[in-house]
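Chain by chain, the residues run as shown.
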Amino acid sequence: MPTVSASAPLKVQIGKVRCPGRTVLVSVVNSSAQAQDYAILTDGSISVADRIPAGATRRSTVNVKEDHTTTVAVTWRNLPVDSVDRHANCVHKTSDQTLPHTGPDSGMIVARVATGIAAMLTGIIIFWYGRQWPRRRDKMFDDTH
């Protein structure tokens, strides 16, 4: 499809697919001295039809289908200004992303286990000594007076 971007008073920028909403940002800039009509089409169907004032910029968001290549095009006077194919792969995109680390570090776990073992050993020693101490057989004070 030939484009008329050299003679059209509109400058168009079509962004990439943004997940998870499967949206594409389309920016249209009118560089002429008068208002212009334009349309944004997705797979040949009009998604946005608007009039842009002279020297203004319009940003529109269009939705694309998941796991399907969608043609996003901008027309002026029924002539194509710019056209690109966008493929939404938002559901399968998580394979290259990793989940954030939310738990304790492995060093923290080792420290907690070591603290627990030390507390248990201290408790065992205190319990053992507590059972030994009252069994003392010698007299505390000598009755020789």
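Look above for the structure.
Described in the following lines is the structure provided in the data block. (Residues numbered from 1 in each chain as written. Predicted model: local features only at pLDDT ≥ 70, side-chain atom pairs only at ≥ 80, totals over all residues. Heavy atoms only, no water.)

**Considerations on the state of the cysteines**
Condition: The disulfide definition used here is simple: a pair of cysteine sulfur atoms within 2.5 Å. Helix numbers and strand numbers start at the N terminus; a helix is a DSSP run of H or I with at least 4 residues, a strand a run of E with at least 2. Buried, partly exposed and exposed residues are distinguished by accessible area as a fraction of the type maximum, computed with a 1.4 Å probe on protein chains only: under 20%, between the cut-offs, and over 50%, respectively.
Tallying each qualifying case throughout the model produces 1 disulfide. Paired by a disulfide, cysteine 19 and cysteine 90 hold their sulfur atoms 2.0 Å apart. As the torsion about the S-S bond is roughly -80°, the cysteine 19-cysteine 90 disulfide counts as left-handed. Of this pair, cysteine 19 sits in the loop between strand 1 (10-18) and strand 2 (23-30) while cysteine 90 sits in the loop between strand 7 (79-87) and helix 1 (106-132); the two residues are 71 residues apart in sequence, bridging distant segments of the chain. You can call cysteine 19 partly exposed: its relative accessible area is 34%.

**Re the pairing of strand 2**
A regular strand carries its side chains on alternate faces of the sheet. Which entries qualify depends on this criterion: A pair of strands is considered paired only if DSSP assigns at least 2 bridges between the two.
Counting buried positions along strand 2 gives 6 out of 8 residues, so the element sits mostly inside the fold. Relative to strand 2, strand 1 is paired through 7 bridges, and the arrangement is antiparallel. Its bridge partner being in strand 2, leucine 10 is matched across the sheet by asparagine 30. Here strand 1 folds back onto strand 2, and the loop between the two strands holds 4 residues, one of which, arginine 22, carries a positive phi near 55°. As judged from the 7 bridges shared by strand 2 and strand 5 (residues 57-63), these two strands associate in the antiparallel manner. Residue pairing across strands places valine 26 opposite serine 60, the latter belonging to strand 5.

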